[in-house]
Amino acid sequence: GNGIDPLEIIDTYGADALRFALATGNSPGNDMRFSDEKIEASRNFANKIWNAARFILMNLENDNVIPLDTSALALEDKWIISKYNTLARDVTENLDRFELGMAVQKLYDFIWDVFCDWYIEICKARLNGEDEAAKNTARSVLVYVFTNTLALLHPFMPFITEEIWQSLPHEGETLMVTEWPKFRKEFKFANDE
């Protein structure tokens with residue numbers, strides 16, 4: 001009576017929530033306590049990702065990939081792209097060192113606190129405005145940052161990330177075989193950040 005049945009947890013919360021919860025707070029050599037609250041928090045995180053995807057899809061005009069024009073970026077666009085760029089570098093370094101718990105925490109913090117709570121909220125004014133160029137820039141940045149963040153999250157939550165990625169404008173057949181996001185020097189806007 002001191003174990004859990006992963007199939008029951010998956011039926012209740014989903015496979016991605018279980019996978020994410022098991023990686024959260026995990027560090028090599030340490031025991032980990034299981035709690036339903038941790039699984040529920042991971043399920044809530046998955047819901048946050050779905051809601052962000054719905055918001056982005058609701059504001060797209062078509063399924064075409066929108067090229068990212070760095071000459072038309074607003075200050076908030078440079079900020080989020082720079083934050084994402086740093087995230088890509090940090091998560092890759094954490095995964096290379098098998099620091100899964102740290103990688104997951106950085107992804108969680110970026111998606112929940114930076115992308116959803118700040119950037120999406122900031123974008124709403126432009127997306128509801130009259131300036132079509134500003135709308136298209138906001139759309140392209142939303143899709144660029146979100147699809148690439150989904151790629152970083154894919155090892156931990158493969159089902160939800162693949163499902164959402166397939167619904168967004170993308171290039172390639174599947175998220176599983178797309179190129180891993182890399183740090184790009186031209187997207188490090190330190191002064192604007």
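Before any of the text, the structure's been laid out above.
All values derive from a computational prediction rather than experimental measurement. Numbering of residues starts from 1 in each chain and follows the order in which that chain's sequence is written. For a predicted model such as this one, the threshold for reporting local features is a pLDDT of at least 70, and the threshold for listing and counting side-chain atom pairs is 80 or more; totals across whole chains, interfaces and linings nevertheless cover every residue. Side-chain metrics rest on all non-hydrogen atoms present in the structure, leaving aside hydrogens and water.

Caption draft 1: Quick look at the packing of aromatic side chains. What counts as a ring pair is set by centres within 6.5 Å for rings of Phe, Tyr and Trp (its six-membered ring), and what kind of pair is set by the plane angle: stacked under 30 degrees, edge-to-face over 60, tilted for all other angles. Tallying each qualifying case throughout the model produces ten aromatic pairs. Pairing Tyr 108 with Trp 112 gives two aromatic rings, centres 5.7 Å apart and planes at 25 degrees, and the pair type is stacked. Of this pair, Tyr 108 and Trp 112 both sit in helix 5 (residues 100–127), four residues apart, which is roughly one turn of that helix. Between the aromatic rings of Phe 115 and Tyr 119, the centroid separation amounts to 6.2 Å while the plane-to-plane angle is 25 degrees, which identifies the pairing as stacked. Of this pair, Phe 115 and Tyr 119 both sit in helix 5, four residues apart, roughly one helical turn. Going along the chain from the N terminus, every DSSP run of H or I of four or more residues is numbered as a helix, and every run of E of two or more is numbered as a strand.

Caption draft 2: Expanded view of empty space enclosed by the protein. Put plainly, a pocket is an open set of points on a 1 Å grid over the protein atoms alone with protein on both sides within 12 Å along at least five of seven lines, a cavity is a set where a 1.4 Å probe fits but cannot get out, and a lining residue has an atom within 4 Å of a point. Grid points are joined across faces, edges and corners, and a volume is the space filled by probe spheres set on the points. Summed over all chains, the structure comprises one cavity of 30 Å³ or more. Taken as a whole, the largest cavity spans an internal volume of roughly 40 Å³. Looking at the largest cavity, the residues that line it are Ala 21, Leu 22, Met 32, Arg 33, Phe 34, Ser 35, Lys 38 and Ile 39. Among the secondary structure elements, those contributing two or more residues to the lining of the largest cavity are helix 2 (15–23) and helix 3 (36–58). Following the grouping adopted for this structure description, the nonpolar residues are Ala, Val, Leu, Ile, Met, Phe, Trp, Tyr, Cys and Pro, the charged ones are Asp, Glu, Lys and Arg, and the polar ones are all others, Gly among them. When its residues are assigned to classes, the lining of the largest cavity shows five nonpolar, one polar and two charged.

Nothing here speaks to function; it is all geometry.
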